[in-house]
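Structure at a glance
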Amino acid sequence: MEDEEMEKKVQQYLHRKGFRLTELSLQEERNRLSTTSLSDVSLCRSDNDPARYYDGYNKLRTWAYSSLDQYKHELLRILYPVFIHCFMDLVAEGHTQEARSFFHTFREDHELMHSRDLQKLEGILSPLHLEEMDLARSLRENKFRIKLCEYSYELLLQYLQKTQALVMLGIINERIIFEVSAGQPSLISDDADVVALVGTSKDLAKQINQKEVHWGLLEDSVEERMEKALSESDKTEAESKDADAEDNNKKKSSEGGKQGGPLKKLKKDKVVGATGKNNKSETSMVSAAPRVKPELTLPAMSVEVEQSVLEDLRNRAQLNNLALPSVSFYTFLNTHNGLNCSSISNDGSLVVGGFSDSSVKVWDMAKTGQPAKTSSSQGQNGSSQGEHLSLTFEGKRPYTLFQGHSGPVYSAAFSPSGDFLLSSSSDSTIRLWSTKLNANLVCYKGHNYPVWDVQFSPVGHYFASASHDRTARIWSMDKIQPLRIMAGHLADVDCVQWHVNCNYIATGSSDKTVRLWDVQTGECIRMFIGHRSMVLSLAMSPDGRYMASGDEDGTIMMWDLSTGRCVSPLAGHNSCVWSLAFSCEGALLASGSADCTVKLWDVASSTKALKMDDTKAGSTNRLRLLKALPTKSTPVYNLRFSRRNLLFATGALSLGS
């Protein structure tokens with residue numbers, strides 16, 4: 001007999017005998033079993049139902065937004081990684097339409113902090129795009145690190161257990177690493193720092209930032225010898241003045257004159273002298289920096305170059321918030337988006353541009369605006385640098401043309417002396433040019449993809465490069481293979497900058513982090529997390545303690561290398577920050593942006609306040625904007641302070657044909 005027939009017979013028997021309660025119990029049991037079987041079937045069907053992502057995320061979002069205000073901002077951090085992985089899981093399962101609908105429904109929640117990523121992810125239309133797009137591949141291969149306080153973490157676990165949100169639980173367990181801390185929730189202002197893509201290691205950033213950094217200046221540098229000579233001369237001069245004043249006082253006292261006036265004047269002079277000295281030391285952070293030994297074998301500086309440096313140091317203008325620099329701005333006209341990069345030599349005499357047609361062009365500022373000379377007249381006028389640059393072209397061009405790359409040129413940089421020029425290109429090569437000989441000397445091959453940036457070290461000879469292959473490399477001019485390879489970034493390395501003591505290099509990446517590397521070991525010793533978009537520019541302070549970084553959104557952040565924390569987050573620009581530069585004493589920071597402005601920031605007062613508040617772990621100071629210099633319609637590509645503290649800038653303007 002079948003089960004259904006048996007149940008009917010039993011039910012009829014119970015009804016006939018009047019066992020009403022037993023009949024109702026049997027009926028309830030039958031209904032319960034049928035409901036359980038139906039839920040099992042629906043659960044099996046839901047494994048392929050795209051609506052489970054929408055429902056799960058929507059419930060999690062509603063719960064997070066309805067939480068207590070004290071913990072809400074921490075719980076909201078979970079939504080972004082869950083959102084993007086729900087979207088990518090839907091695409092991976094082939095539910096393209098549902099994925100687009102999900103993306104546009106909840107996109108607005110994350111526009112403020114992650115607009116750049118959302119613009120890129122919006123282009124994902126098929127599972128193949130998940131493999132081809134660097135950002136999507138990086139998000140799938142690595143985990144997010146999210147900081148929560150202990151109570152917020154417990155609230156999340158209770159919600160997931162109570163609601164049995166299996167889809168959300170799976171994504172959170174697989175894609176997120178929680179860093180749980182005891183005590184009160186973190187501040188809302190820390191939100192940019194607490195959601196970061198750091199790979200699979202839970203304590204990676206924390207472990208890296210515990211390593212020691214020797215951020216001081218090199219021993220026995222030209223600047224140090226200059227400072228010692230000046231201090232000794234000041235000391236000798238002060239002693240001689242004191243001796244003369246004492247002799248005069250003795251002479252006047254022996255003649256019966258009153259001592260009150262001269263003594264009072266002498267005391268006043270000493271106070272004024274001391275005050276002036278203190279003001280000078282406040283504007284110059286370099287003199288207070290510790291001295292370290294070089295890890296690289298540094299080249300010897302020629303006598304001519306050393307004399308030139310000393311001359312510049314003697315004639316250096318003292319800059320501070322009251323004495324701002326003079327600015328010389330060079331504009332490339334009619335480039336029609338062909339100019340990719342520009343750079344200025346240390347003394348401002350040469351300007352180079354890298355172009356999309358694979359050419360590199362160098363202008364001599366001393367020759368700009370002068371009538372073209374013939375080759376014969378140039379031969380009679382001697383052998384100045386500017387004339388050497390024009391000999392090849394017989395005065396037909398106002399610039400020197402260097403050709404050799406087979407793709408767009410993305411970076412160019414002069415050596416400290418200006419005798420050499422480096423250029424990097426999409427052809428994966430770096431080329432070394434001689435500005436004296438007008439020739440290509442070496443072609444360096446090592447990167448497998450386009451090279452976005454290349455920079456000479458402060459002493460020359462060594463240089464560093466940054467590439468689309470997610471690595472930075474250190475080279476020397478006399479070897480065609482790299483000396484070190486720095487690997488660890490999760491996306492393109494977009495910019496590179498040397499530390500002033502040549503023992504470290506900093507790299508900025510599209511993974512929104514900045515890293516500091518030891519050139520001797522190739523090891524990452526600092527990871528700076530806080531930017532919300534790709535990092536495009538870096539600058540080191542002259543004393544070596546601070547580093548500034550600028551990103552695609554226009555945010556500038558200044559970091560303390562010794563502690564690894566952010567000193568001053570700035571939001572002064574509204575477009576890409578392409579260039580940053582510190583003044584020679586470190587009192588000012590200049591920033592150049594695609595919003596067609598150069599801005600000057602007061603660093604000295606902020607760092608002074610920071611040193612006074614070192615005991616406060618969470619203290620941050622905002623840099624004060626001293627001046628904004630608009631260029632009307634010319635984006636600023638490059639900035640450089642000369643040794644005399646003059647500020648040079650370049651920009652490009654495409655006029656109508």
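Here, the structure is the one placed above.
A brief structural summary. (Residues numbered from 1 in each chain as written. Predicted model: local features only at pLDDT ≥ 70, side-chain atom pairs only at ≥ 80, totals over all residues. Heavy atoms only, no water.)

1. Examining the sheet that holds strand β15 (residues 451–456)
- Pairing within the open sheet is antiparallel, and its four strands lie in the order β15-β16-β17-β18. Only two strands of the sheet have a single neighbouring strand rather than two, namely β15 and β18 (484–487). Neighbour to neighbour, the strand axes of the sheet diverge by 20° on average, direction disregarded.
- As defined by bridge partners, strand β16 (residues 462–467) adjoins strand β17 (residues 471–476) across five bridges and the pair is classed as antiparallel. Across the sheet, residue Ala464 finds its bridge partner in β17, namely Ile474. (Pairing = 2+ DSSP bridges. Helix = DSSP H or I, 4+ residues; strand = E, 2+ residues; numbered from the N terminus. Axes fitted to C-alpha atoms, helices over the stretch in contact; angles between N-to-C directions.)

2. Structural notes on the pattern of salt bridges
- Summed over the entire model, instances satisfying the criterion amount to 16 salt bridges.
- The residue Asp478 makes a salt bridge to Lys479 at a minimum N-O spacing of 3.9 Å.
- Take Lys479: its relative accessible area is 42%, and that puts it in the partly exposed class.
- A single salt-bridge network, built from bridges that share partners, covers Arg107, Glu111 and Glu122. (Salt bridge = Lys/Arg side-chain N within 4 Å of Asp/Glu carboxyl O. Buried < 20%, exposed > 50% of the residue type's maximum accessible area, 1.4 Å probe, protein only.)

3. Observations regarding the nonpolar core
- If you look at the biggest cluster of nonpolar residues, it comprises 42 residues, and the most contacted ones within it are Ile78, Val82, Phe87 and Met168.
- Element by element, the count of residues in this core is highest for helix α5 (residues 79–92), at 10 residues.
- If we ignore the near neighbours within four places in the chain, the residues touching Phe87 are Ala99, Arg100, Phe102, Phe103, Leu121 and Ile124.
- Counting 19 residues, the second-largest nonpolar core is a separate cluster that includes Leu538, Met540, Met557 and Leu561. (Core = buried A, V, L, I, M, F, W, Y, C linked by side-chain atoms within 4.5 Å. Contact = heavy atoms within 4.5 Å.)

4. What about the pairing of strand β20 (residues 504–509)?
- Extensive coverage of β20 is indicated by the burial of six of its six residues.
- With burial as the criterion, each face of β20 is covered, one bearing Tyr504, Ala506 and Gly508 and the other bearing Ile505, Thr507 and Ser509.
- Here strand β19 (residues 493–498) runs beside β20; their pairing, made up of five bridges, is antiparallel. Of the residues in β20, the one forming a bridge with Val496 is Thr507.
- Linking two consecutive strands that pair antiparallel, namely β19 and β20, is a turn of five residues; a positive phi of about 65° is found at Cys502 within it.
- Pairing of β20 with strand β21 (residues 513–518), which is carried by five bridges, proceeds in the antiparallel orientation. Note that in β21 the partner of Gly508 across the bridge is Val514.
- Counted between consecutive antiparallel strands, the loop separating β20 from β21 contains three residues, among which Lys512 sits at a positive phi close to 75°.

5. Considerations on unusual backbone geometry
- Not every positive phi belongs to a glycine, and Asn334 is a case in point at roughly 55°.
- Mapping Asn334 onto the fold places it in the loop between β6 (327–333) and β7 (339–344).
- Even without being glycine, Lys632 reaches a positive phi, approximately 70°.
- Among the structural elements, Lys632 can be located in the loop between β30 (624–630) and β31 (636–641).

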